[in-house]
Amino acid sequence: MKGLYTIELLIISNVFMTFAWYGHLKLKQEFNWFASLPLIGVVAFSWSIAFFEYLFQIPANRIGFIDNGGPFSLMQLKVIQEVITLIVFTVFTTVLFKGESLHWNHLAAFICLILAVYFVFMK
């Protein structure tokens with residue numbers, strides 16, 4: 001169960017992270033008031049969202065880490081997190097940014113990530 005909780009928390013964390021890192025680009029397109037914010041305002045806005053990322057990321061790592069009774073090594077946690085990050089980012093990008101699309105090289109990169117997961121879990 002700890003493995004499942006870890007993955008669920010990482011997914012939620014990455015939704016917040018992706019929005020904190022890239023959501024301001026969409027908000028700038030959609031809202032005039034947001035487009036007029038100075039850079040420090042955009043950074044503060046993103047940091048306020050990133051706070052919620054950490055509320056899920058830290059518990060995910062604590063619950064999932066093998067030294068805390070979880071099922072994953074540190075390397076495994078990091079690779080899982082990176083794969084989740086790219087999946088969430090891909091969904092975010094293709095849904096919110098209509099000009100972005102997937103190409104063959106993106107799919108090739110995803111295959112490489114799947115191989116990375118395979119290799120990191122090999123005994």
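Residues numbered from 1 in each chain as written. Predicted model: local features only at pLDDT ≥ 70, side-chain atom pairs only at ≥ 80, totals over all residues. Heavy atoms only, no water.

Trainee: With reference to specific residues and values, describe the side chain of Glu53.
Mentor: Its location among the elements puts Glu53 in helix H3 (residues 39-64). Residues in contact with Glu53, not counting those within four places in the same chain, are Ser13, Phe16 and Met17. (Helix = DSSP H or I, 4+ residues; strand = E, 2+ residues; numbered from the N terminus. Contact = heavy atoms within 4.5 Å.)

Trainee: Before we move on, can you summarise the nonpolar core with the specific residues and values?
Mentor: The biggest cluster of nonpolar side chains holds eight residues, and these are Leu9, Leu10, Ala60, Phe72, Leu77, Ile80, Ile84 and Val88. When residues of this core are traced back to their parent elements, those giving at least two are helix H1 (2-30) and helix H4 (74-96). By residue number, the principal contributor to this core is H4, which donates four residues. Sequence-distant contacts of Phe72, that is, excluding residues within four places in its chain, are made with Gly3, Thr6, Ile7, Gly64, Phe65, Ile66, Leu77, Ile80 and Phe121. (Core = buried A, V, L, I, M, F, W, Y, C linked by side-chain atoms within 4.5 Å. Buried < 20%, exposed > 50% of the residue type's maximum accessible area, 1.4 Å probe, protein only.)

Trainee: Go over the packing of aromatic side chains with me, naming the residues and quoting the values.
Mentor: Within this structure, the stated rule accounts for 12 aromatic pairs. On the basis of an interplanar angle of 40° and a centroid distance of 6.3 Å, the ring pair of Phe31 and Trp33 is categorised as tilted. For the pair Tyr118 and Phe119, a centre-to-centre distance of 5.3 Å together with 65° between the ring planes defines the contact as edge-to-face. In textbook terms, an aromatic cluster arises when at least three aromatic residues are bridged by ring pairs, as seen for Phe16, Phe51, Phe52 and Phe56. Above the ring of Phe97, the side-chain terminus of Lys26 is found at 5.8 Å from the ring centroid. (Phe/Tyr/Trp six-rings, centres within 6.5 Å; stacked < 30°, edge-to-face > 60°. Lys NZ or Arg CZ within 6 Å of the ring centre and 35° of its normal.)

Trainee: Kindly report on the pattern of salt bridges, identifying the contributing residues and their values.
Mentor: According to the stated counting rule, one finds two salt bridges in the structure shown. As a salt-bridge pair, Lys26 and Glu30 come within 3.2 Å of each other at their nearest N and O atoms. Residue Lys26 and its partner Glu30 are located together in helix H1, separated by four residues, close to a single helical turn. Since its relative accessible area comes to 18%, Lys26 is described here as buried. (Salt bridge = Lys/Arg side-chain N within 4 Å of Asp/Glu carboxyl O.)

Trainee: If you had to explain H4 to someone new, which residues and values would you point to?
Mentor: The end-to-end C-alpha distance of H4 is 32 Å, a good match for the 33 Å that 23 residues give at a rise of 1.5 Å each. Taken together, the buried positions of H4 are occupied by Gln76, Leu77, Val79, Ile80, Gln81, Val83, Ile84, Thr85, Val88, Thr90, Phe92 and Thr93. Where H4 is buried, its residues contact H1, H3 and helix H5 (104-121). (Expected span 1.5 Å × (residues − 1).)

Trainee: Before we move on, can you summarise a nonpolar patch on the surface with the specific residues and values?
Mentor: Together, Ile111, Leu115, Tyr118, Phe119 and Met122 give the surface a local cluster of nonpolar side chains, amounting to about 530 Å² of exposed area. If you trace the backbone, Ile111 turns up in helix H5. (Patch = residues over 30% accessible without salt bridge, like charges linked within 9 Å, V, L, I, M, F, W, Y side chains within 5 Å. Areas by Shrake-Rupley, 256 points an atom, 1.4 Å probe, with all protein chains shown as cover.)

Spatial relationships are all this shows, so hold off on functional conclusions.
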